[in-house]
Amino acid sequence: MKINFSHANLCLHKVPRHLKVCRLLKGIGIIMIRFIFVVLFVVLFLILSTPLMLVEWIIGKFNPGLKDRSSLAIVNWAFRWVIRLSGTKVIAIGEENIPTDTALLVYVGNHRSFFDVVLTYVRVPRPTGYIAKKEMLKWPLLNIWMKDLHCLFLDRQDIKAGLKTILQAIEKAKNGISICIFPEGTRNKTPDTFLPFHEGSFKIAEKANVPIIPMTIVNSAAVFEDHFPKIKKATVVIEYGKPIYPKELDKETRKSMGTYVQNIISETYFKNKELI
């Protein structure tokens, strides 16, 4: 019986290639499953938490402080599940820099991903309102939770409306609610770069006389945006810098607070890239 060795060799070469394809398809399947699980969880949470929204509204009528704490706990629970389902690992640095002698802070961070909010909100120790783009108001149910958590909605095209939002944030800060803002104004889509930090963002801390916490986020876009619509496992580094007290800075530095804080975040960013 004659054996065709050339055909046998061809088959042997094909097997590893087929295995590679199978592994690739399996990997794509797992990645898409993560995306599906995250989306399903968020949708189900928003729908099934509707009765909780009513309970929170009632609590808020009698005890606003309790409502703030319970809303924070509920949303943090949901966000932690989103982080688990996405397979994201977080390395947190410098949390000891967050002052414990004051309940009022302004967190200022760079912004590359939708996950920036999810990853940082679970680490805030007290009710904190995030400043979001006004388009988020169009998301039903989600917008209710955001309002319950003291989020404010910024119109980036209307200077007058934007100023009004900043004034509202100052008022919230004076009334015991910390604020988080991404002063680039939008998600930066270019890796390892920063959009200019808007100086108006820092008026919140200056006018409310509260410390600024620089918040440097590294590699968050690797979870989702770098390969939209897939969600992949990733390691994200978040570092909280030492508090900056605007009143303690000289006049010239206060005038260019955006550049000052951006330089701090930029330096920390490239340092922490080594941890990825």
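As the structure is a computational prediction, the values presented were derived from the model and not from experiment.

Between its first and last C-alpha, helix H3 (residues 64-86) extends 33 Å over 23 residues, near the 33 Å set by a 1.5 Å rise per residue. Looking at the residues trailing H3, positive phi occurs at Gly-87, about 75°.

Under the definition given, this model contains 13 aromatic pairs. Plain terms: the ring middles of Phe-41 and Trp-77 are 5.9 Å apart, the flat faces sit at 50° to each other, and that makes the pair tilted. Remark: Trp-77 occurs in helix H3 and Phe-41 occurs in helix H1 (residues 5-48); sequence separation between them is 36 residues. Using a relative accessible area of 46% as the deciding quantity, one classes Trp-77 as partly exposed. Note on Phe-194 and Phe-270: the rings are 6.4 Å apart at their centroids and 80° apart in plane angle, and the pair reads as edge-to-face. Pair noted here: Phe-194 is in the loop between strand E5 (178-181) and helix H7 (203-208) and Phe-270 is in helix H9 (residues 257-272), with a separation of 76 residues, a long-range link. In this structure Phe-194 comes out as buried when scored by relative accessible area, which is 18%. Through a chain of ring-to-ring contacts, the aromatic side chains of Phe-41, Phe-45, Trp-77 and Trp-145 assemble into a single cluster. Here the basic side chain of Arg-84 rests over the ring of Trp-81, its NZ or CZ set 4.9 Å away from the ring centre. The positively charged end of Arg-187 is found above the aromatic ring belonging to Phe-114, 4.1 Å away from the centroid.

We now examine the pattern of salt bridges. Evaluated as defined, the whole model comprises 9 salt bridges. Two residues, Asp-226 and Arg-112, come together in a salt bridge whose shortest N-O distance is 3.5 Å. Residue Asp-226 is found in the loop between strand E6 (212-218) and strand E7 (234-240), and its partner Arg-112 is found in the loop between strand E2 (106-109) and helix H4 (115-121); the two are separated by 114 residues along the sequence. When its relative accessible area of 13% is taken as the criterion, Arg-112 is described as buried. The structure contains a network of salt bridges with shared partners spanning Lys-203, Glu-206 and Arg-254.

Moving on, we get to the packing of helix H2 (residues 50-62) against H3. For the pair H2 and H3, interaxial distance at closest approach is 6 Å and the crossing angle is 155°. With respect to H3, the element H2 is oriented roughly antiparallel. Across the interface between the two elements, Leu-52, Glu-56, Ile-59, Gly-60 and Phe-62 of H2 pack against Pro-64, Leu-66, Lys-67, Ser-70, Ser-71 and Ile-74 of H3. Residues belonging to the contact of H2 with H3 are distributed by class as follows: 6 nonpolar, 3 polar and 2 charged.

Another point: the sheet that holds strand E3 (residues 128-133). Within a sheet, neighbouring strands are paired by backbone hydrogen bonds and run either parallel or antiparallel to one another. Across the sheet, 7 strands lie side by side as E1-E7-E6-E2-E5-E3-E4; this open sheet has mixed pairing. Either end of the sheet is taken by a strand with one partner, and the two such strands are strand E1 (88-93) and strand E4 (152-154). Between one strand axis and the next, the sheet turns by 25° as a mean value, whatever way the strands run. Sheet topology places E3 next to E4; 3 bridges connect them, and they run parallel. Each residue of the ladder has a partner; that of Ile-131, found in E4, is Leu-152. Across the face of the sheet, helix H6 (residues 159-174) comes into contact with E3, E4 and E5 while running at roughly 160° to E4.

What counts and how
- Residues numbered from 1 in each chain as written.
- Predicted model: local features only at pLDDT ≥ 70, side-chain atom pairs only at ≥ 80, totals over all residues.
- Heavy atoms only, no water.
- Helix = DSSP H or I, 4+ residues; strand = E, 2+ residues; numbered from the N terminus.
- Expected span 1.5 Å × (residues − 1).
- Phe/Tyr/Trp six-rings, centres within 6.5 Å; stacked < 30°, edge-to-face > 60°.
- Buried < 20%, exposed > 50% of the residue type's maximum accessible area, 1.4 Å probe, protein only.
- Lys NZ or Arg CZ within 6 Å of the ring centre and 35° of its normal.
- Salt bridge = Lys/Arg side-chain N within 4 Å of Asp/Glu carboxyl O.
- Axes fitted to C-alpha atoms, helices over the stretch in contact; angles between N-to-C directions.
- Parallel < 35°, antiparallel > 145°, perpendicular 65-115°, else oblique.
- Contact = heavy atoms within 4.5 Å.
- Nonpolar A, V, L, I, M, F, W, Y, C, P; charged D, E, K, R; others polar.
- Pairing = 2+ DSSP bridges.

Structural measurements only, silent on function.
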